[in-house]
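Survey of secondary and tertiary structure
Listed below, chain by chain, are the residues.
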Amino acid sequence: MTTTSPQGRTEMCRPDGSAVRVLVVDDEAALAELLSMALRYEGWQVRSAGDGAGAVRTAREFRPDAVVLDVMLPDMDGIAVLGRMRRELPDVPVLFLTAKDAVEDRIAGLTAGGDDYVTKPFSLEEVVARLRGLIRRSGTGAQRSESLLAVGDLTLDEDSHDVTRGGTNIHLTATEFELLRFLMRNPRRVLSKAQILDRVWSYDFGGQANVVELYISYLRRKIDAGRTPMIHTRRGAGYLIKPGE
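The structure displayed is predicted, hence computed values, not measured ones.

**Topic: the overall build of the chain**
Scanning the chain from terminus to terminus reveals eight helices and 13 strands. Across the 245 residues in the chain, those meeting the buried criterion constitute 51%. Of the contacts formed within the chain by residues at least 6 apart in sequence, a portion of 58% connects residues at least 24 apart. For the chain, the exposed area adds up to about 11,800 Å²; of that, 48% sits on carbon and sulfur atoms.

Here it is as structure tokens:
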């Protein structure tokens with residue numbers, strides 16, 4: 001089952017419909033942030049750590065579906081980190097990153113239990129592709145059905161009209177559902193009140209354009225209440241939806 005997002009990507013999720021979780025471990029802060037941004041663009045939840053102790057602690061709390069792990073860390077090497085992680089997460093797939101390119105280093109990483117290996121410098125596209133393969137083979141990630149829209153941990157099934165956030169079901173009225181569907185079909189894009197009125201209500205309300213504000217407030221109560229906000233207002237421009245940071 002596949003679907004292509006507005007950005008042209010085939011999306012992947014956990015079996016419960018929530019976003020795939022990836023832990024990035026690298027002591028180069030700029031590189032870790034670059035990798036994290038690329039993975040968030042896939043709609044995945046990402047955490048990062050800059051040393052081995054932080055990686056083990058974060059893995060215990062975050063329970064990632066995959067780990068990108070630098071071999072060279074300031075406090076311990078990646079192979080030692082992998083050993084500690086696997087005590088609690090025996091099946092989590094691990095993609096090693098390293099500046100080393102000797103065959104024996106690759107063999108050492110894979111022998112220690114790593115699932116794949118990428119040598120620096122690398123392309124972000126290659127890392128994403130390798131991770132998708134690892135997650136798919138592990139059985140954790142399932143490609144989303146053709147009727148399923150997803151933004152971060154929020155999913156909307158256009159066929160069944162089921163809506164979930166973080167695996168929790170959310171009940172919407174018919175109008176709320178249409179408004180959310182329009183927002184989710186255009187993630188990170190600011191949509192004006194006029195555009196929303198035309199798409200959701202099919203005609204111009206004239207002086208009653210505040211109906212958009214009203215229904216946005218209804219959605220926020222159901223989608224964002226007690227969670228990181230996903231629905232945002234751009235004053236004078238409109239509204240947009242994006243994954244909770």
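**Some points on the sheet that holds strand 8 (residues 148-151)**
Pairing is antiparallel in the open sheet, where four strands are placed in the order 8-9-10-11. In the strand order of this sheet, the two ends are held by strand 8 and strand 11 (168-169), each with one partner. Summarising the sheet, strand 8 and strand 9 (residues 154-157) pair through four bridges and their orientation is antiparallel. When the bridges of strand 9 are listed, Leu149 appears paired with Leu156.

**Here's the deal with the packing of aromatic side chains**
Following the criterion strictly, the structure yields two aromatic pairs and no others. When the centroid spacing of 5.1 Å and the interplanar angle of 75 degrees are considered together, the rings of Tyr215 and Tyr218 count as edge-to-face. Residue Tyr215 and its partner Tyr218 are both found in helix 8 (residues 210-223); the two are separated by three residues, about one turn of the helix.

**Notes on the confidence of the model for the chain**
Mean pLDDT over the chain: 83, with 82% of residues reaching 70 or higher. Of the regions scoring below 50 in pLDDT, residues 1-9 engages in 24 contacts with residues more than four places distant in sequence or in other chains.

**Considerations on the pattern of salt bridges**
Under the counting rule described, the total for this entry stands at 17 salt bridges. Between Glu158 and Arg181 there is a salt bridge; the shortest N-O distance is 3.6 Å. With Glu158 in the loop between strand 9 and strand 10 (163-165) and Arg181 in helix 6 (residues 174-184), this pair connects stretches of sequence that are 23 residues apart. What makes Glu158 buried here is its relative accessible area of 18%. When its relative accessible area of 12% is taken as the criterion, Arg181 is described as buried. Residue Lys193 is joined to Glu213 by a salt bridge in which the shortest nitrogen-to-oxygen separation is 2.4 Å. Of this pair, Lys193 sits in helix 7 (residues 193-201) while Glu213 sits in helix 8, and the two are 20 residues apart along the sequence. Relative accessible area serves as the criterion here: at 28%, Lys193 is assigned to the partly exposed category. Of the residues examined, Glu213 reaches a relative accessible area of 38% and is grouped as partly exposed. Through salt bridges that share partners, Glu158, Glu178, Arg181, Arg185 and Arg199 make up one connected network.

**Description of the pairing of strand 3 (residues 45-49)**
Pairing between strand 2 (residues 21-25) and strand 3: five bridges, direction parallel. From the neighbouring strand, Arg21 faces strand 3, where its bridge partner is Gln45. Crossover connection from strand 2 via helix 1 (residues 29-41) to parallel strand 3: handedness right-handed.

**What about the environment of Gly238?**
Within the secondary structure, Gly238 sits in strand 13 (residues 238-241). Exposure remark for Gly238: the relative accessible area of 8% places this residue in the buried category. Discounting chain neighbours no more than four positions away, the residues touching Gly238 are Val190, Leu191, Ser192, His232 and Thr233.

**Here we look at the environment of Ala19**
Inspection of the secondary structure puts Ala19 in the loop between strand 1 (12-13) and strand 2. Distance from Ala19 to Asp65, taken between C-alpha atoms, is 9.8 Å for residues 46 residues apart in sequence. Ignoring anything within four residues of it in the chain, the contact list for Ala19 reads Arg14, Gly43, Trp44, Gln45, Asp65, Gly152 and Asp153.

**Looking at the nonpolar core**
Val163, Leu180 and Ile196 are the most contacted members of the largest nonpolar core, which totals 28 residues. Only strand 8, strand 9, helix 6, helix 7, helix 8 and strand 13 provide two or more residues apiece to this core. Discounting residues that sit within four places of it in the chain, Val163 has contacts with Leu154, Thr155, Leu156, Thr168, Asn169, Ile170, Leu172, Phe177, Leu180 and Ile223.

The rules behind the values
Residues numbered from 1 in each chain as written. Predicted model: local features only at pLDDT ≥ 70, side-chain atom pairs only at ≥ 80, totals over all residues. Heavy atoms only, no water. Helix = DSSP H or I, 4+ residues; strand = E, 2+ residues; numbered from the N terminus. Buried < 20%, exposed > 50% of the residue type's maximum accessible area, 1.4 Å probe, protein only. Contact = heavy atoms within 4.5 Å. Areas by Shrake-Rupley, 256 points an atom, 1.4 Å probe, with all protein chains shown as cover. Pairing = 2+ DSSP bridges. Phe/Tyr/Trp six-rings, centres within 6.5 Å; stacked < 30°, edge-to-face > 60°. pLDDT = per-residue confidence, 0-100. Salt bridge = Lys/Arg side-chain N within 4 Å of Asp/Glu carboxyl O. Right-handed = clockwise from strand over helix to strand, strands pointing away. Core = buried A, V, L, I, M, F, W, Y, C linked by side-chain atoms within 4.5 Å.

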